[in-house]
Amino acid sequence: MTELGLLIDLHLRNHRQGPGSTTETLKAMALTGLNPASSLKVADIGCGTGASTLILARETNWQIRAVDLFPAFLKKLEKQASSLAPKQTISLAQEDMNQLSFKAQSLDLIWSEGAIYSMGFANGLKKWREFLVDDGILAISEICWTSANRPAEIEAYWNAEYPEIATLEEKAKQLESHGYELINSFILEANSWLNNYFEPLEQTIPLFLKEHKHSELAKKVVEAHRMEYELYRKFQAYYSYGFFIARKI
Ligand code: SAH
């Protein structure tokens, strides 16, 4: 199995593929101000196994297109979504978020948790805007500095991993310069990283390593995860995901 295949297999075992929580998904949903009872057109981009997709589907009558690049994630989502029938408000699309096939002005809401960094925040803001109807809503989480001053070690790590990392204020300005009006934003809580992401993933590791016969590549994937976990434990005061809810203007 390739390194990417192993990474997918590791994350497939978790309920979420990035930090987040039901409470925060619901909070962002309420902040959109959109009517849960309307059959709005919604995309959940970089949905993974659909932690947020399933919440939105359960709480609303929205027609949700769940988009991810990797079929294994979509397959797990499909299985979980079948328990929601007969509502069947979720459809799946295996697509690259850089080249989405939505028609211009066809979406009332674009949702994306912990995923826009794959194409870059500014790039995503630019490319996705055309898919939104006038006054359409964007609800996205993005890695942010939560402090103006950071220790050199964590600054160097994130600048290498994702140079676009910036403060919430800087991200809000970017939203405005790309044709969105910020409605609200909030920072994900530490437990959304620890209890919902790092810790459950950590618990799957022994079986993951066993199933992959403790291969060097499997150990490498685990090491990268553990380093992220360690850094978060040490430097959690300095970064988190910001959840931004904005309107197309
Ligand atoms: N929203 C989910 C998953 C976040 S992890 C959650 O919060 O749990 C980021 C997701 O983006 C992964 O599922 C990954 O497969 C997906 N992804 C990465 N690059 C992508 C691309 N170019 N196009 C579409 N999805 C992509």
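Residues numbered from 1 in each chain as written. Predicted model: local features only at pLDDT ≥ 70, side-chain atom pairs only at ≥ 80, totals over all residues. Heavy atoms only, no water.

Engineer: Please explain the overall build of the protein chain as it appears in this structure.
Structural biologist: In terms of regular secondary structure, the protein chain is built from nine helices and eight strands. A compact globule built from 249 residues would reach a C-alpha radius of gyration of about 18 Å, and the protein chain, at 18 Å, matches this within 12%. For the protein chain, buried positions account for 49% of its 249 residues. For the protein chain, the share of sequence-separated contacts (at least 6 apart) that also reach a separation of at least 24 residues comes to 77%. Accessible surface, the protein chain as shown: approximately 11,700 Å² in total, 52% of it carbon and sulfur. When the 26 basic and 31 acidic side-chain charges of the protein chain are each reduced to a single mean position, those positions are 4 Å apart. (Helix = DSSP H or I, 4+ residues; strand = E, 2+ residues; numbered from the N terminus. Rg over C-alpha atoms; globule rule 2.2 N^0.38 Å. Buried < 20%, exposed > 50% of the residue type's maximum accessible area, 1.4 Å probe, protein only. Contact = heavy atoms within 4.5 Å. Areas by Shrake-Rupley, 256 points an atom, 1.4 Å probe, with all protein chains shown as cover. Lys, Arg positive; Asp, Glu negative; His and termini not counted. Charge placed at Lys NZ, Arg CZ, Asp CG, Glu CD.)

Engineer: Even after reading the chapter, I still don't get helix α9 (residues 216-235), so can you show me in this structure?
Structural biologist: Since one α-helical turn is 3.6 residues long, residues separated by three or four positions face the same way. Along its 20 residues, α9 runs 28 Å from first to last C-alpha, staying within 8% of the 28 Å computed at 1.5 Å per residue. Those residues of α9 that fall on the buried side of the exposure criterion are A218, V221, V222, H225, Y229, L231, Y232 and F235. In this structure, the buried side of α9 is in contact with α1 (3-12), α6 (152-161), α8 (190-211) and β8 (239-248). (Expected span 1.5 Å × (residues − 1).)

Engineer: Just checking my understanding: could you explain the packing of α1 against α8 for this structure?
Structural biologist: Two measures define how a pair of helices packs: the angle their axes make with one another and the distance between the axes. In contact at an axis separation of 9 Å, α1 and α8 are set at 115 degrees when each is read in the N-to-C sense. Residues L6, D9, L10 and H11 of α1 touch α8, and the partners they reach there are Y197, L201, T204, I205 and F208. (Axes fitted to C-alpha atoms, helices over the stretch in contact; angles between N-to-C directions.)

Engineer: Before we go on, may I ask you to explain the pattern of salt bridges in this structure?
Structural biologist: Between side chains of opposite charge, a pair can form when the charged atoms approach closely. All chains considered together, the criterion is met by twelve salt bridges. E3 is the salt-bridge partner of K220, the closest N and O atoms lying 3.1 Å from each other. Here K220, found in helix α9, pairs with E3, found in helix α1; they are 217 residues apart in sequence, far enough to count as distant. A relative accessible area of 47% places K220 in the partly exposed class. On the accessibility criterion, E3 (33% relative accessible area) is partly exposed. Connected through shared salt-bridge partners, D9, R13 and E211 make up one network. (Salt bridge = Lys/Arg side-chain N within 4 Å of Asp/Glu carboxyl O.)

Engineer: Honestly, the site of the ligand in this entry has me stumped. Any pointers?
Structural biologist: Close to the ligand lie 17 residues, the nearest being Q17, G46, D68, M97 and E113. Within the backbone of Q17, an N or O atom sits 2.9 Å from an oxygen atom of the ligand. A distance of 2.9 Å is found between a nitrogen atom of the ligand and a side-chain nitrogen or oxygen belonging to D96. (Near = heavy atom within 4 Å. Polar contact = N/O pair within 3.5 Å; in protein donor to acceptor, adjacent residues only side chain to side chain.)

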